[in-house]
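# Structural overview for review
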Amino acid sequence: PTALAMIGLATLYFAHRDNPIISGMLSGIRPVVIALLLVVVWDFLPAAIGPRATWHKYPLRWLLVAVIFILAVQFEVNAAVLIVIGGTVGLLFLRS
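Residues numbered from 1 in each chain as written. Predicted model: local features only at pLDDT ≥ 70, side-chain atom pairs only at ≥ 80, totals over all residues. Heavy atoms only, no water.

## Here we look at the overall build of the protein
Looking only at helices and strands, the protein has four helices and zero strands in total. N-terminal to C-terminal, the α/β element order of the protein is α-α-α-α. Scaling as 2.2 N^0.38, a compact globule of 96 residues should have a C-alpha radius of gyration of about 12 Å, whereas the protein reaches 19 Å, well beyond that. With respect to the three principal axes, the spread of C-alpha positions in the protein is 55 × 30 × 30 Å. For the protein, the residues scored as buried account for 9% of the 96 residues in total. Considering only contacts in the protein between residues 6 or more positions apart, those separated by 24 or more positions represent 16%. Carbon and sulfur atoms form 75% of the exposed surface of the protein, whose accessible area is close to 7,800 Å². (Helix = DSSP H or I, 4+ residues; strand = E, 2+ residues; numbered from the N terminus. Rg over C-alpha atoms; globule rule 2.2 N^0.38 Å. Buried < 20%, exposed > 50% of the residue type's maximum accessible area, 1.4 Å probe, protein only. Contact = heavy atoms within 4.5 Å. Areas by Shrake-Rupley, 256 points an atom, 1.4 Å probe, with all protein chains shown as cover.)

## Notes on the packing of helix α3 (residues 59–73) against helix α4 (residues 79–93)
In a pair of packed helices, the angle between the axes and the distance between the axes together describe the arrangement. The geometry of α3 relative to α4 is characterised by a closest axis approach of 11 Å and an angle of 160° between their N-to-C directions. Between α3 and α4, the angle falls in the class roughly antiparallel. Our pair here, α3 against α4, has a crossing hand that is right-handed. Residue-level contacts link Leu60, Leu64, Ile68, Leu71 and Ala72 of α3 to Leu82, Ile85, Gly86, Val89 and Phe93 of α4. Residue classes in the contact of α3 with α4 are distributed as nine nonpolar, one polar and no charged. (Axes fitted to C-alpha atoms, helices over the stretch in contact; angles between N-to-C directions. Parallel < 35°, antiparallel > 145°, perpendicular 65-115°, else oblique. Left-handed = near helix turned anticlockwise from the far one by under 90°. Nonpolar A, V, L, I, M, F, W, Y, C, P; charged D, E, K, R; others polar.)

## Description of a nonpolar patch on the surface
Residues Met25, Ile29, Val33, Ile34, Leu37 and Leu38 make up a contiguous nonpolar surface patch of about 560 Å² in total accessible area. Looking at the element boundaries, Val33 is found in helix α2 (residues 20–48). (Patch = residues over 30% accessible without salt bridge, like charges linked within 9 Å, V, L, I, M, F, W, Y side chains within 5 Å. Salt bridge = Lys/Arg side-chain N within 4 Å of Asp/Glu carboxyl O.)

## What about the packing of aromatic side chains?
One pair of aromatic rings is described through two measures. These are the centre distance and the angle between the planes. Enumeration according to the criterion identifies three aromatic pairs in this entry. Here Trp42 and Trp55 contribute two aromatic rings whose centre-to-centre distance is 5.5 Å and whose plane-to-plane angle is 80°, an arrangement assigned as edge-to-face. Taken as a pair, Trp42 in helix α2 and Trp55 in the loop between α2 and α3 lie far apart in primary sequence, 13 residues in all. Overall, Trp42 belongs to the partly exposed group, its relative accessible area being 46%. Look at Trp55 and you get buried, because its relative accessible area is 15%. Members of the aromatic cluster, each reached through a chain of ring pairs, are Trp42, Trp55 and Trp62. (Phe/Tyr/Trp six-rings, centres within 6.5 Å; stacked < 30°, edge-to-face > 60°.)

Here you go:
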């Protein structure tokens, strides 16, 4: 059902994308999408970094987050390559 709803909304968008009402609506929706993505990140952080109370104990993991972010944004490195880099760093330096 969700996929069908998205297909329907996409169809409506492409049919009416020049409509000022649709443009205004999307201007309000885009920030909401960003906020929802940040909620997903916040919820995933404990699995990626560790329990929130102990985040300060994992500087290498935070460094990896920063480096991967820079590689993605500044250098547009492919996501699959970034995942391989993260897995390699984890294998070599972050094993328990």
